[in-house]
Every structure is written in structure tokens, then in C-alpha cells.
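Structural characterization, general
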Amino acid sequence: MIDGLQAAAFDALLARTGGVVLLIIDERLRILRAGAEAARLTERDVADLEGMSLIAAFGSAGLDAVCREAATSGQPRSGEAELGRAGSERAFAIEVVPIPHSGAFVVALRDVSPLRRVERVRRDFVANISHELRTPLASIKLLAETLNAGAIEDEATARDFVTQIERETDHLAQLVDELLDLSLIESGETTLVIEALDPDVVLNAVAGRIGPVAQRRGIGVVRSGPGEHRVRAAGDAGRLGQAILNLAHNAVKYSHPGGEVRLAWEPRRDRVRFTVADDGIGVPEAHRERIFERFYKVDRARARDPADEPAHETLGGSSGLGLAIVRHIAEAHRGAVGLESVDGRGSTFWIEVPVAGSAG
Amino acid sequence: MTDTDPMEPRLRREHGNLRSVFDEAMSMVKDDVLRLGALVESALERAGRALQERDIELADQVRWDDAHVNELQRRVNQEVTTAMALQQPMARDLRELLALYHAAAELERMGDYAVNIAKLAQQLSDEPEAPLLPQIPQMERLCREQLHDAMRALVDVSEEAARAVCARDDELDALYNSVYEASMDLMAAHPDRVRQATHMLFAAHHLERLGDRVTNIGEDVVYVATGQVEDLNA
């Protein structure tokens, strides 16, 4: 068993390793000594932990298995397990090292959940981007092959195919543009040119660009604001306009024909809030929190259905990057984005930027 | 550690302190039941993830791993039987062994529900992709929280914690009812999604049943603590 000297060494170690959960266990997987971090993780007192079995204290099959392997082999073992309260577990790297001639083992648990989260985001990103690039590429390849195989002889078919190739190419180009845009904004390499902007002017520019697209779909665009005012928004005219236009594109895309998209703004304490509202299909509650993430789509089936989109019309937003860009633009302005929605009855997206002259 | 005292009764000399022998056997049973709980919790988490992420391989893993659950339950049965035969426990000791025996059986059944959910995940992945009803991941998470809390109540033999677990089962029932309504609506509005809606309804049903089994473990803890058999899932 561990002697006084070893216990003292362990206590000294504990004092110096903040953040790492340390334990000493015996070969029957009972806790001989535990540190304050272990107590915090298990929501128990150190005194309660000592003498308790590992499984009783942590309730983790993974941790139990790694320690059992070390105990039966007498060799160091490592692994990983999810520990903590059910529903809010975190990933921990486990190291189990035998203390020579004592029958005891040091168990060190290090929280690796931030690392795992980053890895997951990266994995999802690669998977998504490959999927998004492959789909239009496969279409283009197929159309070209069919043309080559003889369809080129028939003028009507050939024209239709070439139009489709053009549309897919536009989609690819848009995706690549948005990706570059996003990486520029995310890396902080773009410098915003902040000016004092008249919110009405900002919205007029957006309305001017979205109007014709909306009109072709039989959707009205309505503008409103507080009327006479002297409020100025501190923003980059190009980027802020791009963000609101992205929201407006989505509003048009998810509106029913005959519907209405409402662009408005209002002063809110030290910020100016621009809103884009529609009476479209809405965003189910479960998705609202994640909708501003890259590639997050509420419903893949409805997010990109080419039959939905009239030819020659790049509505955007279907890459799954549009809202991520909006969020990054808002954050670069030290502003915020958000959404209020009733499933099936429309959404109101908003973006806020500081009022010109305010400290924020 | 200590030298043998020739004056000590022979039985004690050979078997150590009888009380400690029994305690040792009891803690072995208890640890195995807790291991069983941890395995089921992990199976449930993975089955839920397989459902959400349409991950067929993960679902397969859950199905294979159920063998460990079954094996561990058999071991608990054997340990309990041996302890009863050799130690002939009385009163609270007997109650505790019986409760652990029963809890192991409940956990084994919960493992089967996790397997059923894994199977549904595989069937759902054959269907066109459609969003999962949001209540289902909520139910899965609540089930795991409940199971975790019930196992903790078992460790501490805490009557209070056990009663709290049983009381919370209503939340699970409410979520189940809401899945029922939502899947009926889905079927009515999208006849092409009837299979998906049915699979989701079944998944919710298994989770609701699993929750009931968790309350049975809560009742076991109350029985150990008080000696009273109560129906806490009325």
C-alpha cells in the first residue's frame, strides 16, 4: 500500500497540477486518495471519495475498463472516457500508471473536451464541403457526358443542358466565393471600414437589390423605419449591406408566393437593429440555436432542391454558409445576430451593430 | 499485516472477520451493478447518437455490446446467489442483496431497449433524411440523467434522491405524449413520412419504458432504505 512518503509526494503533486484530476487507486479499483478536482468532477467530498470504488464514484464504464486493464497487467494504460453529470459529460484522457511495489496506481484525468470539439467541427467541415462541392460537380460531369454522347446534336436539349451547366457553375462559384469570404472574415484579415451610416440608406440599397428577385417570385418587399431621425449606425457599408442582403435572400427563398418580406430598422439602446421578416415556412425551434453555424441546414431536403429554383436565378443561401457569414459580419462589427420564428408561420432575423459614436 | 493470534476463534482466523467477508461480497455485487448501469448509460448515449446522426456502424456497436450487459447480469445473479447461500444475510443486508438482484434485471432490460433504439436508428437510416422530432433527443438525455441519478441514489442508498428520480418520470411521460401527438400530425400532413413517424414513435416508446425501469430502481433504493415496498410510478 502507499506509505506516508508516497502520500506526501502525491499531495505535493496535487498542489501543483491545477485542472488535472488525480487519484490513487488500489488493484481492486478502490480510491485510496483523491484530489479536489476529483471531488469537483464527481460532486462529492474528498473524504467520501476515499474508500469508494471507482465505478461508484464516477459511474463510467470506460474509466473502469482502462483502470482494470492496468490493474490486471500491472502496466501503464491510457484511454479516454466521457465523465461528469449525464447530459453534460466532458471527454477526459485517462492515464493509469502503477506505483512500483505498492499495488497502487496513479490515475490522471485530463479534460480534452475542447480539443474534441475542435476536431469535430473540422471533421464536419471537411465532410460538408466535400459534399457541397461534389454535388454540382457530379451534375456538370453528367450533363457534359450526355452532351458528348450525342445530345449536342439536338439543339433544344443542348441549350437546356448548357443552361443547367451554367447554373451549377454559378452555384459552385458562389460556394467558393462564400468560402473565401468566410475564411477571410473568420481569420480577421478583413478590415472593416467603419463609417456612420444612415440606416435608411443601408436598407434602401438592400431593397434595391432584392426587389427584382422577389418580384419574379411574386413576393412583395416592404420597407419601414422610425421616420425622421438622426441615428447613424457604425458599420462597413459593403459588409453590413451584404449581411442584410443574405438575410433578405433567405426570406425570399423561404416565402410562399404572394408573401411579403419586411425590411425594417429601429434604435435599441446603443445599437441599431435591422430586421428582415417573412411569413414563410419558419424555423423549427430545435434548429434555432444552431442555424448560424457553418453548413447547418434545417432540412437538407428542402434546403437545396433545384426544382425550387427558377433557372438563371442564384438566390444564394443554399450553400449553408450564408448565415455563418452574417454572424461573422455582425461579430466583426461587435454586434449580434438572432432570430425569432414561429414554425410554419415565418421568421424574423435581426442583426445589430453599434450606434455611431457609442463606446461599443 | 497483523500476526495470527492463536487465541482468536478458528472460524475468524480462517475467514477473517465474517462481517468484512460479507461486506466484501456485497461491495463486489454493488460495483458490478453499477458497472451494468454505466454500460447501459453508454449504450443509450450511443443509440441516441446513432439515431440523430444516422450512424449505422455505431448502432451495430450498440447491438454487439449488449452481450457484455447480459454477461454482467449473469455474473451479478451468481454473486448474489452465492452470497445468500454462504452468508445467509438478514434484514437490511438481505434487502440490499435482493434489491441489487432486481436492479440488475431491470438494467438488463434497459440494455435491450437501447438495442431496440439502435435497430430503429438503422431502419430510419434507410428512409429519406428527415429531421428527428426534437423531443426524442430530449427524452434520451433525460433518460440518461435519470439513470445516472438512480445509480447514484443506489451508491448512497439515498431515499430522498431515489424519490426525486421517481418524481421526475412525469417529465418523460409528458415528452412521450408530445411525441405521440407530433408523430400523428406528421403522418397526417406527410403520408410519405408515415414510416419515419412510426419509427420515431417507437423510439420514444422504448425511452418511455426505459424511464419506467429507472423508477423501478428508485423503488428498490427506497425498499433498501426503509424496508417498505412502494409504487412510486403511479
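What you see is a predicted model, and the numbers here were worked out from it, not measured in a lab.

On to the sheet that holds strand E3 (residues 77–83) of chain A. All names here are of chain A. Taken in spatial order, the five strands make up an open sheet running E2-E1-E5-E4-E3, and their pairing is antiparallel. Strands with a single pairing partner mark the edges of an open sheet, and in this sheet they are strand E2 (31–34) and E3. With strand direction ignored, the average angle separating the axes of adjacent strands in the sheet is 25 degrees. Strand direction decides the pairing type here: strand E1 (residues 21–26) and E2, joined by three bridges, are antiparallel. Looking across to E2, one finds that Ile-25 is bridged to Ile-31. Packing of helix H5 (residues 61–73) onto the sheet brings it into contact with E1, E3, strand E4 (90–99) and strand E5 (104–111), and relative to E3 it is tilted by some 160 degrees. Its contacts with the sheet put helix H6 (residues 113–148) on E3, E4 and E5, and the angle it makes with E4 is roughly 130 degrees.

Bringing the interface of chain B and chain A into the picture now. Every contact between the two is made by 21 residues of chain B and, on the other side, 27 residues of chain A. It is Arg35(B), His148(B) and Arg152(B) in chain B that bury the most area against chain A; as a group they hold 26% of the surface buried on that side. Inspection of the chain B/chain A interface yields six salt bridges. Of the charged contacts in the structure, one is a salt bridge between Glu24(B) and Arg28(A), with a shortest N-O distance of 2.8 Å. Our count for the chain B to chain A interface comes out at nine residue pairs in polar contact (both at pLDDT 80 or more). Secondary structure elements with two or more residues in the side of chain B that touches chain A: helix H2 (18–53) and helix H5 (135–156) of chain B. Tallying contributions element by element places H2(B) first for the side of chain B that touches chain A, with nine residues. Along the lines of polarity and charge, the residues of the side of chain B that touches chain A split into six nonpolar, two polar and 13 charged.

A word on unusual backbone geometry. Glycine aside, residues mostly have negative phi angles, and peptide bonds mostly take the trans form. With a phi close to 65 degrees, Leu29(A) is a non-glycine residue in the positive phi region. For Ala91(B), which is not a glycine, the phi torsion comes out positive at approximately 45 degrees. Tracing the backbone through its elements, the reader meets Ala91(B) in helix H4 (residues 91–125).

A word on the side chain of Asp236(A). All names here are of chain A. By the element assignment, Asp-236 lies in the loop between strand E8 (233–235) and helix H9 (237–253). Here Asp-236 is buried and forms no salt bridge, its nearest opposite-charge partner Arg-239 lying at an N-O distance of 5.8 Å. In terms of polar contacts, Asp-236 uses its side chain to reach the backbone amide nitrogen of Gly-238, at 3.0 Å. In this structure Asp-236 touches Thr-191, Leu-192, Val-193, Ile-194, Leu-197, Gly-241 and His-333, once residues within four positions along its chain are discounted.

Bringing the sheet that holds strand E11 (residues 336–341) of chain A into the picture now. All names here are of chain A. Strand order in the open sheet formed by five strands is E7-E9-E10-E12-E11, and the pairing between neighbours is mixed. Where the open sheet ends on each side, the last strands, each with one partner, are strand E7 (220–224) and E11. For this sheet the average axis-to-axis angle between neighbouring strands, irrespective of direction, equals 15 degrees. Where E7 meets strand E9 (residues 260–268), five bridges bridge the pair, whose relative direction is parallel. Bridge pairing in E9 places Arg-223 opposite Leu-263.

What counts and what doesn't
Residues numbered from 1 in each chain as written. Chains lettered and ligands numbered in written order. Predicted model: local features only at pLDDT ≥ 70, side-chain atom pairs only at ≥ 80, totals over all residues. Heavy atoms only, no water. Pairing = 2+ DSSP bridges. Helix = DSSP H or I, 4+ residues; strand = E, 2+ residues; numbered from the N terminus. Axes fitted to C-alpha atoms, helices over the stretch in contact; angles between N-to-C directions. Contact = heavy atoms within 4.5 Å. Buried area = accessible area lost by both parts, 1.4 Å probe. Salt bridge = Lys/Arg side-chain N within 4 Å of Asp/Glu carboxyl O. Polar contact = N/O pair within 3.5 Å; in protein donor to acceptor, adjacent residues only side chain to side chain. Nonpolar A, V, L, I, M, F, W, Y, C, P; charged D, E, K, R; others polar. Buried < 20%, exposed > 50% of the residue type's maximum accessible area, 1.4 Å probe, protein only. Lys, Arg positive; Asp, Glu negative; His and termini not counted.

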